[in-house]
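What follows is each chain in one-letter form.
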Amino acid sequence: MNPRRVVVTGLGALTPIGNSVSDYWEGLISGKSGSAPITYFDTSDFKTKFACELKNFNPLDFIEKKEIRRQDKFSQYATICSEEAINDSDLINSKFDSNRVGVIWGAGIGGIETFQNEMENFFSNKKPRFNPFFIPKLIADIAPGLISIKYGFRGPNFATVSACASSSNAIIDALNYIRLGYADVMIAGGSEAAVTCAGIGGFNAMHALSTRNNEPDKASRPFDNERDGFVLGEGGGCIVLEDLDHAIKRNAKIYCELAGGGLSADAHHMTAPHPEGNGAKKVMENCLQDAKLNIDEVDHINMHGTSTPLGDVAESIAVKDVFQDDVYNLNINSTKSMTGHLLGAAGAIEAISCIMAIKHGIIPPTINHFNHDENIDPKLNFTFTSPQKKIVDVAMSNTFGFGGHNACVIFRKLD
């Protein structure tokens, strides 16, 4: 028996370049940079003084004040972007079995600001008195829990934690729960809120972040010869996935099909990718196999492309190894050049970019490319500087995490 086909029926996004899917997409195709000086805390003592924060965002526009006090920012972002996606799907106004609707959510770090604040309070007061919401605000699995509580979804519910691959893992797990018949609808995505003293300080200690403080809007420059690290971002993305027959029965709007997903491990290093991109190569091959697609059927890849010296080269090598001569027909990009790196939420917002590329026939650009890296094939089409119109039938999204966690998803125009 063939597995059930899974389609996308709702989208939600909260990003540094737009607080809704439509605003996010407009930001992408206009080549907007979300990087700017940090406003959340005093950066005087930090090597990096900028990040991709949310702009013109007030949680009170979406969540009651009492609930805000009970939620870390990453959970707030999760409930906000999932609400947009669920409303977009019109699920709540349809007939469905709540026992067969689940939520799987990715977060690489979870409530880091909550932990930071509680520790600061503890050491300043030197008394073991903690906020009763300390643990519920902190834990990564609280985000899918809050979404299910809000809507009464009683299907599979858990969090995925695989660093920057977390939300892509959530999407792949959700795909398989529907395929296997354990659910009809799955809410999947990820959120992250790591623009904190601990987040910036920790990544600075690893020499992972760009320190281009004099021009933050140009700091995230994937594939550029002078890239010096990634730019930390925050926000969330959500996708409503649904069994095709279930979606047709309730006359749902369908964006496209989630054709497949792949996973692999580098088994190489705690933070560095395999220099020849072995894990990245394997995850794309696994994804293509799962989707039953040939290399010449893929039109577009949103690469992990973090703007790190090692990562961009290794992934470029892997893409060439997988797609061989067909690689030059691909439109490649890295939307992290605009959004920064949302860590556990990266896979979700980049999947949404792929879905919108299929819908609109436009590839968002890779911005901030000024100097060619001789270690990267100059004939690869990275869609530098400007968006490109193109019929996109199949789009792939790569996400790779510290620890060697690799995840890849493929979306296909519904035939």
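Residues numbered from 1 in each chain as written. Predicted model: local features only at pLDDT ≥ 70, side-chain atom pairs only at ≥ 80, totals over all residues. Heavy atoms only, no water.

Enquirer: How should the packing of helix 10 (residues 278-291) against helix 11 (residues 309-323) be read in this particular structure?
Expert: A pair of packed helices is captured by two measures, namely the crossing angle of their axes and the spacing between those axes. For the pair helix 10 and helix 11, interaxial distance at closest approach is 8 Å and the crossing angle is 40°. Considering their axes alone, helix 10 and helix 11 lie oblique with respect to each other. Our pair here, helix 10 against helix 11, has a crossing hand that is right-handed. The residues of helix 11 that touch helix 10, namely those facing Ala280, Lys281, Met284, Glu285 and Leu288, are Ala318, Val319, Asp321, Val322 and Phe323. Its residues placed into classes, the contact of helix 10 with helix 11 shows seven nonpolar, no polar and three charged. (Axes fitted to C-alpha atoms, helices over the stretch in contact; angles between N-to-C directions. Helix = DSSP H or I, 4+ residues; strand = E, 2+ residues; numbered from the N terminus. Parallel < 35°, antiparallel > 145°, perpendicular 65-115°, else oblique. Left-handed = near helix turned anticlockwise from the far one by under 90°. Contact = heavy atoms within 4.5 Å. Nonpolar A, V, L, I, M, F, W, Y, C, P; charged D, E, K, R; others polar.)

Enquirer: Explain the state of the cysteines here, please?
Expert: Simply put, disulfide is the name for a covalent bond between the sulfur atoms of two cysteines. A full pass over the atoms with the stated rule returns zero disulfides. Cys164 takes part in no disulfide bond, and the closest cysteine sulfur, belonging to Cys52, lies 14 Å away. (Disulfide = S-S within 2.5 Å.)

Enquirer: So what exactly am I meant to see when it comes to helix 7 (residues 166-179) here?
Expert: An α-helix turns once every 3.6 residues. As a result, residues three or four positions apart point the same way. In a regular helix each residue adds 1.5 Å, so 14 residues correspond to 20 Å; helix 7 covers 20 Å between its end C-alpha atoms and thus fits that length. For helix 7, the tally of buried residues reaches 11 of 14 residues, placing the bulk of the element in the interior. When helix 7 is considered as a whole, its buried residues turn out to be Ser166, Ser167, Ser168, Asn169, Ala170, Ile171, Ile172, Ala174, Leu175, Ile178 and Arg179. With its phi angle positive at about 90°, Gly181 sits one or two positions after the end of helix 7. (Expected span 1.5 Å × (residues − 1). Buried < 20%, exposed > 50% of the residue type's maximum accessible area, 1.4 Å probe, protein only.)

Enquirer: What's the story with the nonpolar core in this structure? I'm lost.
Expert: Among the nonpolar cores identified, the biggest contains 44 residues, and Val8, Leu11, Ile239, Leu241 and Phe411 are the most heavily contacted of them. In terms of residue count, helix 13 (residues 346-360) provides more of this core than any other element does, eight residues in total. With near-sequence residues (within four places) excluded, Leu11 lies in contact with Val21, Glu84, Ala85, Asp88, Cys238, Ile239, Tyr255, Ile352, Ile355 and Met356. (Core = buried A, V, L, I, M, F, W, Y, C linked by side-chain atoms within 4.5 Å.)

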